[in-house]
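Commentary on secondary and tertiary structure
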Amino acid sequence: MLDNLSSRLTDRITDTALLAGHGDFAGEGRLAVRDPATGDLVAQVAISDATGACAAVDAAQAAFAAWSTTLPQHRAATLHRWHDLILAAKEDLARIMVAEQGKPVSEARGEIDYAASFVQFYAEEALRPNIEGVTSHLADAEMELWREPVGVAALITPWNFPCAMITRKAAAALGAGCTVVIHPSAETPLSALALAELARRAGFPGGVVNTVIGDAATIVGEWTRDARVRALSFTGSTEVGRLLYRQSADTVKRLVMELGGHAPFIVFKGADLDRAVAEAVKAKFATSGQDCLGANRFYIHRPIYDEFCARFTAAVERLTIGTGMDDPDIGPLIHDRQIDKQKAHVADALAQGARLLTGGSVDEDLGPLFFRPTVLADVPDEAAIMSEETFGPVAALSVFDDEEEVIARANASEYGLVAYVHSLDPRRIYRLTRALQYGMVAVNRTKVTGAPIPFGGMKQSGIGREGARQGLEAFTEIKYVCRDWG
Ligand code: NAD
């Protein structure tokens, strides 16, 4: 089907009607993709079922022997071509993303750069040595550790970063020599199909990259049961992560789980307040709040609490809200379940004594999925928003008195993805970074991500890391060879 698509396309990939018909192994069923800003139908995507999911693994398994034994230079060159094609199609990919995901177009362009950076990184990583010597403890024996690709890898991705979450997994797996079956979220299949088309143009052989759209439980259920799928890399909610962890047990798959977050944002007296406010706005409202790294709970030191509340609220009130192509600060949320969650968290916090400083409701003039950027103050720890991921533009502020107290409150969570700390006291920063039970700790800044760092969380925020050298671990295994030449 992809061949058919490419023969009808020139250099454009924005024709969503064309893309929509060309998922790998697609059948007669159709999935409606809607623009969250307007509710308009963007495309009807052809979908697969369990048979298609199984056929994708057949194809990936058949392609594995050849792909895993190509020269690393060949794999690297193919990844470099994919990288270049992604960047060349940046504007098209950004527009597709805005149409199905709703994010502001500047953020969509930024995501394409971010997505491409993983492809470049793992193209280069593919050339690094994958053999390590061992100092022998046995007379006459020579020892080596080889890193070998595991086989077929299943990649399951969410809607909030519809391109970057695919490349972060796929580039590592493909560079290591695995073949992949990809299941994107039902909300954002077009970004996945566009990336798949660019991968085909980059020259990945048939069967190496397979994108399967359809009912998640059916497609992914088929893959978790299939013993030929040797690794499963999932980004999404902790709830679905737990389910896939259980489902993968019978076939003992290698797992990467990038799950939910519930980031604390801690500001101490003496911090650069201008900076703390500016970074707090970014940490909460990027991706319209629908970000696993999004700050959910703000703990502010009592001596600066009132001033922080006032300045933060003023900054939030300056944020613009609108449709993605107008490039506002905040776009629509993805679907009505996200709106329901914002409303529920706001109502619950207010019922428990919180104060509403700004926002708190849907902007009906813009449409049913636009939630006004919201600030709540004096939110008690018992409020749902202080323990559940809100995944939207609602900030919950709370006061604290001392360091020990705030560390305990920040760590009192099943999540452990990222924590933000603002202080100019080096000893305090040292103590905090040691004590916080988070996979990533950001000090006096918000942006921490990028291809060279191992992204991932502690506790129920996940297993394993993505990006960096560590991102290859789930897609490779160590073979120990002990040789005696006789
Ligand atoms: P989700 O868990 O609902 O869906 C993620 C993926 O799982 C999608 O592809 C979906 O189709 C699939 N899925 C859903 N139900 C399934 C089932 N029963 N069986 C198999 N597959 C199933 O998450 P979402 O709403 O798409 O994304 C938001 C969540 O993702 C948030 O919790 C967020 O924190 C998390 N997230 C984490 C990271 C990270 O790197 N840690 C990055 C982005 C998003």
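Scroll up to find the structure.
As a starting point, this report considers the structure included with it. On a predicted model such as this, the values are computed, not experimentally measured, just so you know. (Residues numbered from 1 in each chain as written. Predicted model: local features only at pLDDT ≥ 70, side-chain atom pairs only at ≥ 80, totals over all residues. Heavy atoms only, no water.)

1. Regarding the overall build of the protein chain
Per the secondary structure count, the protein chain includes 15 helices and 20 strands. Relative to a compact globule of 486 residues, whose C-alpha radius of gyration would be 23 Å, the protein chain shows 23 Å and is just as compact. Here the C-alpha coordinates of the protein chain stretch approximately 75 × 65 × 40 Å along the principal axes. Counting all 486 residues of the protein chain, 57% fall into the buried class. Taking as baseline every contact in the protein chain between residues at least 6 positions apart, the subset at least 24 positions apart corresponds to 73%. (Helix = DSSP H or I, 4+ residues; strand = E, 2+ residues; numbered from the N terminus. Rg over C-alpha atoms; globule rule 2.2 N^0.38 Å. Buried < 20%, exposed > 50% of the residue type's maximum accessible area, 1.4 Å probe, protein only. Contact = heavy atoms within 4.5 Å.)

2. Details of the packing of helix α5 (residues 90–101) against helix α6 (residues 105–125)
Taken N-terminus to C-terminus, the directions of α5 and α6 make an angle of 125°; their axes are 9 Å apart at the nearest point. The angle between α5 and α6 places the two elements in the oblique class. Once α5 is placed against α6, the crossing between them reads as right-handed. Here Lys90, Glu91, Leu93, Ala94, Met97 and Val98 of α5 lie close against α6, whose contacting residues are Val105, Ala108, Arg109, Glu111, Ile112 and Asp113. Per-class residue counts for the contact of α5 with α6 are 7 nonpolar, no polar and 5 charged. (Axes fitted to C-alpha atoms, helices over the stretch in contact; angles between N-to-C directions. Parallel < 35°, antiparallel > 145°, perpendicular 65-115°, else oblique. Left-handed = near helix turned anticlockwise from the far one by under 90°. Nonpolar A, V, L, I, M, F, W, Y, C, P; charged D, E, K, R; others polar.)

3. A short note on the packing of helix α4 (residues 72–88) against α6
At their nearest, the axes of α4 and α6 sit 8 Å apart, and the two run at 165° to each other. Viewed along their axes, α4 and α6 adopt a mutual orientation that is roughly antiparallel. The way α4 lies across α6 gives a crossing that is left-handed. Contacts from Ala76, Leu79, His80, Trp82, His83, Ile86 and Leu87 in α4 reach Ile112, Asp113, Ala116, Val119, Gln120, Tyr122, Ala123 and Glu124 in α6. Residue composition of the contact of α4 with α6, grouped by class: 10 nonpolar, 3 polar and 2 charged.

4. Thoughts on the layout of surface pockets
A water-sized probe rolled over the atoms picks out the places where empty space is left. Estimates place the volume of the largest pocket at around 1,100 Å³. Along its surface, the largest pocket is lined by 43 residues, and Trp159, Phe234, Gly236, Ser237 and Val240 are the ones closest to its centre. Contributing elements (two or more residues each) for the lining of the largest pocket: α9 (216–225), β8 (229–235), α10 (238–248) and α13 (336–351). Examining the composition of the lining of the largest pocket, we find that 7 residues originate from one element, α10, more than from any other. Of the residues contributing to the lining of the largest pocket, the split by class is 17 nonpolar, 16 polar and 10 charged. Residues from two domains meet in the lining of the largest pocket; each of domain 1 (2–259 + 461–481) and domain 2 (263–450) gives at least three. (1 Å grid on protein atoms, 1.4 Å probe; cavity = no way out; pocket = protein on both sides within 12 Å on 5 of 7 lines; lining within 4 Å. Points joined across faces, edges and corners; volume = space filled by probe spheres on them. Domains from an automatic or database assignment.)

5. Considering the site of the ligand
As a matter of local geometry, the ligand sits amid 29 residues, with Thr157, Trp159, Ser237, Leu259 and Glu389 nearest to it. In the model, an oxygen atom of the ligand is placed 2.9 Å from a nitrogen or oxygen of the Trp159 side chain. The backbone of Gly236 places a nitrogen or oxygen atom 3.4 Å from an oxygen atom of the ligand. For the ligand, whose unbound accessible area comes to 850 Å², protein coverage reaches 86%. When atom positions are compared with the pocket grids, the ligand is found to occupy the largest pocket. Those elements that provide at least two residues to the shell around the ligand are α7 (164–176), α9, β8 and α10. (Near = heavy atom within 4 Å. Polar contact = N/O pair within 3.5 Å; in protein donor to acceptor, adjacent residues only side chain to side chain. Areas by Shrake-Rupley, 256 points an atom, 1.4 Å probe, with all protein chains shown as cover. Sits in = over half its atoms within 2 Å of the grid points.)

6. Some remarks on the sheet that holds strand β3 (residues 131–134)
With antiparallel pairing, the 3 strands of this open sheet are ordered in space as β3-β4-β20. Every interior strand has two partners, whereas the edge strands, β3 and β20 (476–484), have only one. Strand-to-strand twist across the sheet, computed as the mean angle between neighbouring axes with direction ignored, equals 25°. Alignment of β3 against strand β4 (residues 141–149), held across 4 bridges, turns out to be antiparallel. Bridging across to β4, Glu132 finds its partner in Leu145. (Pairing = 2+ DSSP bridges.)

7. Things to note about the sheet that holds strand β10 (residues 263–267)
The strand order across the open sheet formed by 7 strands is β12-β13-β14-β11-β10-β16-β17, and the pairing between neighbours is mixed. For this open sheet the edge positions go to β12 (355–358) and β17 (440–443), each flanked by a neighbour on one side alone. For this sheet, the mean inter-axis angle between neighbouring strands, taken without regard to orientation, is 25°. Sheet analysis places β10 next to strand β11 (residues 295–301), joined by 5 bridges and oriented parallel. Each residue of the ladder has a partner; that of Val267, found in β11, is Ile300.

8. Looking at the environment of Leu357
Relative to the helices and strands, Leu357 resides in strand β12. Given a relative accessible area of 25%, Leu357 falls into the partly exposed group. Each C-alpha atom, one on Leu357 and one on Pro328, is 21 Å from the other, the two residues being 29 residues apart in sequence. Leu357 has contacts with Cys309, Thr313, Glu317, Val375 and Ala377, leaving out every residue within four places of it along the chain.

9. Considerations on the pairing of strand β9 (residues 254–258)
The side chains of a regular strand alternate, first on one face of the sheet and then on the other. Counting buried positions along β9 yields 4 of 5 residues, so the element is predominantly enclosed. Pairing of β8 with β9, which is carried by 5 bridges, proceeds in the parallel orientation. Considered in β9, the bridge of Leu232 is made with Leu255. Following the backbone out of β8, through α10 and into the adjacent parallel β9, one traces a crossover that is right-handed. Judged from the 2 bridges that link them, β9 and strand β19 (residues 462–463) form a sheet pairing that is antiparallel. Directly across from Glu258, in β19, lies its bridge partner Gly462. (Right-handed = clockwise from strand over helix to strand, strands pointing away.)

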